Every structure is written in C-alpha cells, then in structure tokens.
Amino acid sequence: MTTSPASPVAGGPNEPQPAPEKEQRFSAQAIAELEEIASHYPERKAACLPGLWIAQREYGGSLTPAAIQEVADRLGLSYAEVEGVATFYTMYNLRPRGKHHLEVCTCLTCAVKGAYDVVHKLEHELGVEVGGTTADGAFTLSEVECLDFCGAATVMQVGDKYFTNLTPDNVMELIETLRNSDDYTPAKLADAIVKIHIPGTSRTGGGSYKP
Amino acid sequence: MAILNLLFEHRDVPNIEEIDVYEQHGGYAGLRRAILLERQAVVDEIKTSGLRGRGGAGFPTWIKWNGLPKNYDKPHYVICNADEGEPGTYKDRELMLKLAHLLVEGMIIAGYATYSKKGYIYIRGEYVEPAWQVRKAIDQAYEKGYLGKNILGVEGFDYDLYIHLGAGSYECGEESALMSSLMGERGNPRLKAPHAPLPVVEGVWKAPTLINNVETYCAATWILAHSGAEYAKYGTEKSKGSKIMSVSGHIARPANYEIELGTPLMELIEIAGGVTGGQLKAVIPGGSSVQIVPAEQCPNVNLDYESCQANGTLLGSGGFMVLNDKTDIVLLMKRTAEFYMHESCGKCTPCREGTRWMYKILDRITSGGGQPGDIDLLLDICGQIDGRSYCGLGDAAAWPIVAAIKRFRPEFEYWIEHKRSPVGPGHVPPTPEVLNPLLTLTPA
C-alpha cells in the first residue's frame with residue numbers, strides 16, 4: 001500500500017511530533033485562581049485566555065506545549081483549540097524570552113517621532129537584531145504594533161509597564177536601570193494580568209503593582 | 001466651540017481615582033438618579049442626549065440600549081469595549097487611569113437600563129496600569145454597595161462586573177471579534193447585520209448583548225447625572241456633546257483634549273500648541289483607519305461626524321495625528337499597510353491576502369524598485385478589499401491608502417521615478433548598512 005507524502009504516518013515526511021509530555025505545574029493557588037475566573041462566565045471555555053496567562057506565569061514566562069496541554073485539560077478543551085488561541089494573540093510567548101522583554105512600539109506616531117532610531121540604538125548597544133535575545137539572556141528585543149500611548153511617543157512596554165518619551169539618547173539609561181531590576185519581567189506581566197481578573201486584588205497587588 | 005470638559009471635568013482633582021473623592025465631586029449621582037427613574041426613562045435620557053458611539057462608528061447609542069429584551073427572563077450581558085488599539089488613540093487609557101469610576105458607574109447604569117445581571121470590561125492586555133485602576137474602582141464599588149445584590153436597595157437589581165483582559169490583538173477591538181475573544185476563542189469576527197442578527201438580539205453566548213466603548217459609558221454617566229437635554233445643548237445639530245481627541249505627532253503639546261463636537265480642526269491644532277518641526281502637511285483626524293487630510297483642506301474641516309464625512313474623512317475614534325512637511329507620506333502609508341498586514345486575523349481572503357500585497361508593493365516602491373503601473377495596481381487591490389470582508393479591518397486597510405494616493409499622488413510618482421524620497425535627505429531607502437533595514441523617518 002502506498003501513502004501520499006503528506007499523510008501523517010509514522011516515519012513519513014509529515015509524521016506528527018510526539019504528544020507533549022503531560023506535566024502538572026499549576027500550583028494550588030493557580031488552580032484556585034483558574035476556578036475563580038472560570039466562575040465569572042457561563043462557559044468554562046471563556047477562561048481560555050486567562051488560563052493561558054496563568055500557564056505563562058506558572059511555566060516561567062512562556063507557553064510550552066505542555067503548558068498548553070495543561071490548560072486544555074483543566075478547562076476540558078482540546079489541545080488544538082487552546083493552541084489555536086495561544087498562537088493568535090501576540091502577547092503569549094511561544095518561545096522563552098529574556099529576563100526583560102523590550103517591546104518597542106514602531107507604529108505610525110512612534111515611527112514619525114523616531115521609534116526606529118530607538119530600535120537601531122538598542123540593536124547596536126545590545127548586539128541583537130529585532131526578535132533576538134542577548135547572549136546573557138537579559139533582554140529580548142521586539143517591535144510591536146500600536147501600544148496606544150501615542151502622545152508620549154516613543155513608547156516601550158517592558159513587562160507590565162510602559163516607558164515613554166524615549167529617544168536614542170535616553171533609552172540606554174533605562175536599560176541600565178532595568179538590568180538591575182526584578183520587576184517588569186514576562187512572568188510578572190502574566191501575574192498582573194491574572195490578578196486583575198480576580199475581585200479584591202487591588203488590595204493585595206500582583207505583578208510589579210503594589211497597592 | 002473649543003475645549004469642553006464634561007467627562008474630564010474632575011480629571012485633575014488629586015486622588016479622583018478613589019471612590020470617596022469621586023463621590024465628593026458628584027460621583028454616583030448619575031446612578032442614584034437612574035434608579036429613581038423607570039428603566040425605559042433611562043434609555044429615553046440617552047435618546048434625548050443624542051449620544052453616538054464614541055468607539056469610531058458613531059452609531060446612535062440609545063438604539064442599542066433600547067434593543068435588548070425588557071425583562072429578566074433570560075440572561076443578557078453588558079460589555080465594555082476597552083480594547084483600544086487604533087493607532088493614534090489613547091483616550092480610553094486616560095479615562096481608565098484617572099476616571100475608572102466614571103466607566104464603572106456608566107456600566108452599572110447600563111446594566112440597570114437593560115435588565116442585565118452581568119457586565120464585562122474587555123481591556124487590551126497591554127493596558128495593565130489602566131486595568132489595575134479599573135480593578136480598584138470595581139472593588140471599591142462593591143464595598144460601597146454599588147455592585148452586588150439589590151443595589152442601593154432596589155429589589156432585584158443584582159449586577160456583577162468582571163474584567164477580561166486580551167492578549168495582544170488589534171482585531172479584538174471589533175465588536176464581533178471581541179465577543180469571540182471573550183468566549184475564549186481566536187479573535188475572528190462573525191457575520192454581521194443584515195446577514196446575521198445584531199448583538200442586541202444575539203451576541204455573546206448567543207444572548208442579547210449591549211456593547212459600547214469606554215467613552216460612551218462615561219458619557220452616559222454624565223448624561224444621567226445632569227440630563228439628556230443638558231448634553232444635547234452642546235455640539236452641532238447631528239453631533240451632540242463632546243468628544244475626546246487624542247492629539248499626537250508633530251505637535252507642541254500632545255495630550256487628550258475634550259472638545260465640543262463641531263470645533264474647527266485648525267482650532268484644535270492651535271489649542272495643542274501648534275505644529276512642530278516644520279509647516280503643517282497633513283492631519284489624520286480619527287486614527288490610522290481614516291483618510292488623510294492635506295493641509296490646504298484642513299481649514300474646511302470641523303470635528304464632527306458630518307463635517308468630517310463631507311470632507312472625505314471620518315472622526316473615527318479621535319486619534320488625531322498631526323504631520324509636518326518633513327513627513328514622507330509614502331513611507332507612512334507603507335507603515336500603515338504593514339500594521340494592517342500584521343493585524344489582519346486571516347479569516348477573509350481579500351483582507352488576509354490583499355493587505356500583504358499592499359505592503360509588498362509599497363515596500364517595493366520605497367526600496368527603489370517601484371514600477372510604472374504600481375499606483376494603479378495598488379488602487380485595484382484596495383478596491384478588491386474594501387467591502388469584501390466580514391469586519392471593517394479590510395475597509396480600514398484600504399481607505400487610507402486610496403486617500404493618500406488621491407491626495408498625494410505626485411509623491412508616489414516621485415518615489416517610482418527617482419527611487420528616493422521627495423521629502424529630503426533625511427529619508428533614505430533602506431540600505432544594507434542600516435543594521436535593521438526599515439524605514440527611517442526624521443524625528444521632529
């Protein structure tokens with residue numbers, strides 16, 4: 001029997017990759033958060049986006065296949081459904097990021113106010129191209145579409161904070177401050193977003209936010 | 001006609017984000033007045049005010065509020081679209097950061113008027129700082145009894161408010177895509193009226209749904225606190241009240257300005273301190289999706305829905321971008337096309353493929369490889385996207401390019417003929433020496 005090259009058979013050119021190894025990394029607190037958030041909606045599926053945020057935090061800042069599988073299992077969804085969501089939205093990290101993820105807005109207003117000059121400065125100083133991570137793992141540099149704080153162009157998002165009015169002259173000062181900071185990391189961004197869903201957290205804080 | 005601070009009246013009061021300070025400045029008076037009225041009378045106040053949706057489309061708000069079933073038989077939902085993503089717009093950010101209670105109060109009023117028991121505020125994932133303020137406002141409103149069961153002693157008025165954050169998608173600011181996203185799916189839009197029922201008939205979870213922008217709910221609070229007639233005193237005949245304009249670009253004092261609808265465009269530039277770095281070249285008055293207005297046409301435009309439309313542009317969401325004469329319109333349009341290419345959700349072929357072709361051609365022109373027929377090819381592609389997708393993203397990708405070609409055609413022709421920018425030596429086509437070969441625009 002012959003099979004077409006595209007058919008997903010073992011040993012063929014389109015052989016499916018092995019199913020992700022099952023992991024259970026959600027802490028008791030994370031499970032409680034997921035259940036609380038799921039109770040806000042008439043359907044559990046609606047907790048898919050917040051569930052992925054919890055996973056992104058629990059798995060250290062990025063979504064591995066195992067993380068996606070765990071969200072699917074806990075919400076009673078298929079792996080494909082959750083993967084489809086995870087790959088649609090740009091803020092879910094499908095690959096690990098540096099300790100700080102520098103997301104420079106280069107959309108219209110920032111571009112006319114010189115955002116690309118900021119990007120070029122960062123590329124030269126950090127020695128990475130857009131999309132890359134520095135060798136020491138400290139920074140990942142990205143370009144993003146409009147962050148919507150155009151009055152303060154150029155804007156850069158780092159974790160759960162916006163830094164504004166950046167120019168090639170002042171951006172490196174900020175980078176040095178970030179280098180020594182444990183705030184504004186991808187995991188803290190995910191934590192802040194999870195906590196904002198949960199009633200009462202404005203009293204306790206989350207991410208880099210302290211009430 | 002000029003600055004008109006209705007929503008922004010107490011913006012600069014210290015600690016206005018705390019509920020006690022907000023109450024001292026007339027906060028929750030709108031809700032207290034609303035619950036003394038019949039639910040239909042609340043909708044009628046909105047009708048009298050003439051309020052139109054502030055998210056961009058300008059749809060009369062009261063028609064939505066009036067469209068939901070007027071009983072508690074089946075669940076229905078109130079949604080706030082706080083997925084502000086339009087390039088140039090940052091009004092919702094400031095409203096949520098400083099005046100989150102204005103939004104929360106407006107959503108409670110909407111819940112009362114439409115017999116809803118649950119409301120969701122869908123905030124874009126990047127807006128963590130504004131979202132924390134909304135979280136705080138909701139927590140404080142629960143403590144004061146403005147949310148929960150039997151609100152303010154009204155028997156059977158139970159209402160809960162939840163926050164739902166996005167995760168990075170411009171498309172989710174489109175209402176049907178937002179509802180998909182709220183239900184835990186990819187942010188794809190759905191078939192819309194007249195081919196499918198309106199959200200007020202069948203929206204999120206197939207239930208009747210009211211969906212409005214942040215600024216619209218904030219305006220509803222003001223209207224209930226004062227009156228619809230009071231609101232209707234401001235503005236023009238068909239565009240009532242105030243609008244927050246987010247001024248950015250080559251301008252001395254970029255900020256959010258709340259103006260009376262009908263204010264001349266040039267007056268807003270003056271209020272914001274005038275153009276910097278050169279002479280005025282063009283204005284994009286309503287966010288990246290609307291048509292660019294050349295300087296010579298600017299004095300004819302008043303900032304209201306009708307005047308903008310008469311001048312071949314739109315008021316949109318109020319993202320007011322000012323551009324000086326050192327701006328290269330072709331490079332700007334290439335960047336605009338890149339934005340829509342990135343944000344197209346991929347559902348409809350004309351938009352998914354067309355935005356890519358648009359970008360490729362503009363990239364070719366601005367890399368020095370433009371060909372004589374490229375302008376007509378661009379127009380042809382735009383014509384094949386406009387009106388051929390489920391949601392407005394395809395239209396919004398085509399409109400600015402078509403308008404730019406119509407109004408700045410010589411610049412496109414210059415690029416194709418001379419293979420460089422018509423604007424000046426500061427604008428270079430990408431070269432291998434530039435580490436990351438992208439457009440370089442001279443900062444003001």
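Please read all numbers here as calculations on a predicted model, not as lab measurements. Every chain is numbered on its own, with residues counted from 1 as its sequence reads. For naming, the first written chain is A and the first written ligand is 1, with later ones following in the order written. Local features in this predicted model are restricted to residues of pLDDT 70 or higher, and side-chain atom pairs are both shown and tallied only at a pLDDT of 80 or more, whereas totals for entire chains, interfaces and linings draw on every residue.

### Quick word on the overall build of chain A
Counted only if it meets this: For the purposes of this entry, the term helix denotes a DSSP run of H or I that reaches at least four residues, the term strand denotes a run of E that reaches at least two, and both are numbered from the N terminus. Field definition: a residue is buried when 20 or more other C-beta atoms are found within 10 Å of its C-beta, exposed when 12 or fewer are, and partly exposed for counts in between, with C-beta atoms placed from the backbone. What counts as a contact is two residues whose backbone-derived C-beta atoms lie within 7 Å of each other.
Along chain A, the regular secondary structure elements total 8 helices and 4 strands. Along the chain direction, N to C, the helices and strands of chain A fall in the order α-α-α-α-β-α-α-β-β-β-α-α. Here the C-alpha coordinates of chain A stretch approximately 65 × 50 × 30 Å along the principal axes. Within chain A, buried positions represent 50% of all 211 residues. Put simply, 60% of the contacts in chain A that link residues at least 6 apart link residues at least 24 apart.

### Considering the sheet that holds strand β1 (residues 100-105) of chain A
Residues and elements named next belong to chain A. To keep things clear, this is the line we draw: Pairing between strands is defined by DSSP: at least two bridges between them are needed. For helices, the fitted axis covers only the stretch in contact; all axes are lines through C-alpha atoms, and the angles between them, taken along N-to-C directions, range from 0 to 180 degrees.
The 4 strands are arranged β2-β1-β3-β4 in an open sheet whose pairing can be described as mixed. Two strands lie at the open edges of the sheet, namely β2 (139-144) and β4 (161-163), each paired on one side alone. Between one strand axis and the next, the sheet turns by 25° as a mean value, whatever way the strands run. The pairing of β1 with strand β3 (residues 156-158) spans 3 bridges and is antiparallel. Bridge pairing links leucine 102 to valine 158 in β3.

### Section: the pairing of β1(A)
Remember that side chains alternate between the two faces of the sheet whenever the strand is regular. Residues and elements named next belong to chain A. With respect to burial, β1 is a largely interior element, 6 of its 6 residues being buried. Of the two faces of β1, the one holding His100, Leu102 and Val104 and the one holding His101, Glu103 and Cys105 are both buried throughout. Across 6 bridges, β1 lies against β2 in parallel orientation. By the bridge assignment, cysteine 105 is partnered in β2 with valine 144.

### A word on the sheet that holds strand β3 (residues 160-165) of chain B
Residue and element names in this part refer to chain B. In space, the 4 strands of this open sheet follow the order β3-β2-β1-β4, with parallel pairing throughout. Single-partner strands in this sheet number two, and they are β3 and β4 (209-213). Here the average twist between neighbouring strands, direction ignored, is 20°. Set on the sheet, helix α5 (residues 91-113) makes contact with β1 (77-82), β2 (118-123), β3 and β4; between it and β1 the angle comes to about 165°. Contacts from helix α6 (residues 128-143) reach β2 and β3 within the one sheet, and its direction differs from that of β3 by about 165°.

### Focus: the domain arrangement of chain B
Residues and elements named next belong to chain B. Cut-off, in case you're wondering: For the domains described, the bounds stem from an automatic or database domain assignment. When residue character is reported, Ala, Val, Leu, Ile, Met, Phe, Trp, Tyr, Cys and Pro are called nonpolar, Asp, Glu, Lys and Arg charged, and the others, Gly included, polar.
The domain boundaries assigned to chain B delineate domain 1 (19-232), domain 2 (245-324) and domain 3 (329-439). Listed per partner, the contact involves 7 residues of domain 2 and 8 residues of domain 3. When grouped by side-chain class, the residues that make up the side of domain 2 that touches domain 3 number 3 nonpolar, 4 polar and no charged.

### Overview of helix α3 (residues 65-75) of chain A
Residue and element names in this part refer to chain A. Residues Ala67, Ile68, Glu70, Val71, Ala72, Arg74 and Leu75 constitute the buried set of α3. On its buried face, α3 is in contact with α1 (28-38), α2 (48-58) and α4 (79-88). After α3 finishes, the residue glycine 76 shows a positive phi value of roughly 70°.

### A few points about the confidence of the model for chain A
This is how the line gets drawn: pLDDT is a residue-level measure of predictor confidence that goes from 0 to 100.
Of the residues in chain A, 91% reach a pLDDT of 70 or more, and the chain-wide mean stands at 90. The spread of mean pLDDT over the elements of chain A runs between helix α5 (residues 108-112) of chain A, the lowest at 90, and α1(A), the highest at 97.

### Looking at the interface of chain B and chain A
Tallying the contact residues gives 56 residues for chain B and 54 residues for chain A. Of all the elements in the fold, those that place two or more residues in the side of chain B that touches chain A are α6, β3, α7 (175-182), β5 (242-249), β11 (319-324) and α12 (329-343) of chain B. Here the element with the most residues in the side of chain B that touches chain A is α6(B); it accounts for 7 residues. Here the residues of the side of chain B that touches chain A sort into 26 nonpolar, 19 polar and 11 charged.

### Some points on the nonpolar core
Stated precisely, the cut-off is as follows: We define the nonpolar core as any set of buried residues of the types Ala, Val, Leu, Ile, Met, Phe, Trp, Tyr and Cys, connected via C-beta atoms lying within 7 Å of each other.
Grouped together as the largest cluster of nonpolar side chains are 195 residues, with contacts concentrated most on A:Cys48, A:Leu52, A:Cys105, B:Leu103, B:Ile109, B:Val134 and B:Cys218. The residues contacting B:Val134, other than those within four sequence positions of it, are B:Met96, B:Ala100, B:Leu103, B:Ile121, B:Ile123 and B:Ile163.

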